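Understanding the architecture of this molecule
Residue-level listing of the chains:
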Amino acid sequence: MRLIIMGPPGAGKGTQARFIAEHYGIPAISTGDIFRANVSEGTPLGVEAKRFMDAGEYVPDTVTNAMVRDRLAEADCEPGFLLDGYPRTVAQVQELDGMLTERGCELQAVVVLTVDGEEIVQRLLQRAVVEGRADDTEDVIRRRQEVYAKETAPLIDVYRERGLLLEVDGMGEVAEVTSRVFAALDALPGA
Ligand code: AP5
């Protein structure tokens, strides 16, 4: 399976991505996680990404696209993959289209998790207490929501027009959301 999972910050993309990846035997590729690993290791990519992430802004497309291209070229992506947090801009959609064409493959579905705005803020403030992620302060969470609304929400219509969109209610217990995602994916033709 070749999938994307989308949704606003805190919608539960990373949480659900782990279950989807395990269930379908594909790697979950989170651009946010790759950036954070680079920040922890102090690599040049991490130094570059950190100033954007800490402000709640997107890392420039050129940096992100090259990183995803390298990751998709790895052997474990042969049977499929789940992209979490990529693409996030129209330019990234076009870049991903090119990467898939070069590989001679297509996306099967784009899962979008829908969650109330206030629930999201509460989830992320709670995560700030547990994990201490640098971009989980209230101001930066609000900025991430604004950037998502402006840059990424329009991608939902792009994928809807392509007939790839699976909108899934992301409210409720984690296991309930997982069941809804599996039901939507299992109903795909050929799944
Ligand atoms: P990224 O790491 O992708 O952050 P995000 O999109 O803001 O998403 P989050 O990780 O905050 O939330 P999530 O939807 O994964 O939810 P989660 O499962 O963690 O990106 C971070 C930054 O990197 C970006 O701001 C940008 O700077 C940069 N970046 C990344 N990709 C980029 C790209 N393509 N282009 C440019 N820049 C890019 O859940 C959140 C919390 O809620 C957790 O504590 C979880 O335990 C909890 N939770 C989950 N589900 C439930 C539930 N059902 N009920 C209760 N709690 C729940």
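Overview of the structure. Quantities reported herein were computed from a predicted structural model and do not represent experimental measurements.

Reading the values: rules and limits
- Residues numbered from 1 in each chain as written.
- Predicted model: local features only at pLDDT ≥ 70, side-chain atom pairs only at ≥ 80, totals over all residues.
- Heavy atoms only, no water.
- Helix = DSSP H or I, 4+ residues; strand = E, 2+ residues; numbered from the N terminus.
- Rg over C-alpha atoms; globule rule 2.2 N^0.38 Å.
- Buried < 20%, exposed > 50% of the residue type's maximum accessible area, 1.4 Å probe, protein only.
- Near = heavy atom within 4 Å.
- Polar contact = N/O pair within 3.5 Å; in protein donor to acceptor, adjacent residues only side chain to side chain.
- Areas by Shrake-Rupley, 256 points an atom, 1.4 Å probe, with all protein chains shown as cover.
- Nonpolar A, V, L, I, M, F, W, Y, C, P; charged D, E, K, R; others polar.
- Pairing = 2+ DSSP bridges.
- Axes fitted to C-alpha atoms, helices over the stretch in contact; angles between N-to-C directions.
- Contact = heavy atoms within 4.5 Å.
- Parallel < 35°, antiparallel > 145°, perpendicular 65-115°, else oblique.
- Expected span 1.5 Å × (residues − 1).
- Arc of directions from axis to C-beta.

What the protein chain contains, in helices and strands, is nine helices and five strands. A compact globule built from 191 residues would reach a C-alpha radius of gyration of about 16 Å, and the protein chain, at 16 Å, matches this within 12%. Once the C-alpha set of the protein chain is aligned to its principal axes, its extents read approximately 45 × 40 × 30 Å. Burial statistics for the protein chain: of 191 residues in total, 47% are counted as buried.

On to the site of the ligand. Not every one of the 30 residues close to the ligand is listed here, only the nearest: Thr15, Thr31, Glu57, Arg88 and Arg144. Take Arg123: an N or O atom from its side chain is 3.4 Å from a nitrogen atom of the ligand. Here the ligand has 1,000 Å² of accessible area as a free molecule, and 87% of this is covered by the chains. At the level of elements, helix 1 (13-24), helix 2 (31-41) and helix 6 (117-131) are the ones that each hand at least two residues to the shell around the ligand. Residue composition of the shell around the ligand, grouped by class: ten nonpolar, ten polar and ten charged.

Sheet architecture is open: five strands sit in the order 2-3-1-4-5, paired in parallel fashion. Only two strands of the sheet have a single neighbouring strand rather than two, namely strand 2 (28-30) and strand 5 (165-169). Strand-to-strand twist across the sheet, computed as the mean angle between neighbouring axes with direction ignored, equals 20°. Taken together, the four bridges between strand 1 (residues 2-6) and strand 3 (residues 81-84) define a ladder with parallel strand orientation. Note that in strand 3 the partner of Ile4 across the bridge is Leu83.

Mapped onto the secondary structure, Val177 falls in helix 9 (residues 174-186). Among the residues examined, Val177 registers a relative accessible area of 4% and is labelled buried. Sequence separation between Val177 and Gly7 is 170 residues, and the spatial gap between their C-alpha atoms is 13 Å. Setting aside anything within four residues of it in sequence, one finds Val177 in contact with Gln16, Leu113, Val168, Asp169, Gly170, Met171 and Gly172.

When two helices pack together, their arrangement is captured by the angle between the axes and the distance separating the axes. Packing of helix 2 against helix 4 (residues 61-72) leaves a shortest axis separation of 11 Å and a crossing angle of 100°. Accordingly, the angle class assigned to the pair helix 2 and helix 4 is roughly perpendicular. In contact with Thr31, Ile34 and Phe35 of helix 2, helix 4 contributes Val63, Thr64, Met67, Val68 and Arg71. Tallied by class, residues from the contact of helix 2 with helix 4 come to five nonpolar, two polar and one charged.

End to end, helix 9 covers 18 Å across 13 residues, agreeing with the expected 18 Å (1.5 Å per residue, within 8%). The complete set of buried residues in helix 9 reads Val177, Thr178, Val181, Phe182, Ala184 and Leu185. Projection of helix 9 onto a plane perpendicular to its axis shows the buried side chains occupying an angular sector of 160°, all on one side. Buried-residue contacts for helix 9 involve strand 1, helix 1, strand 4 (109-114) and strand 5.

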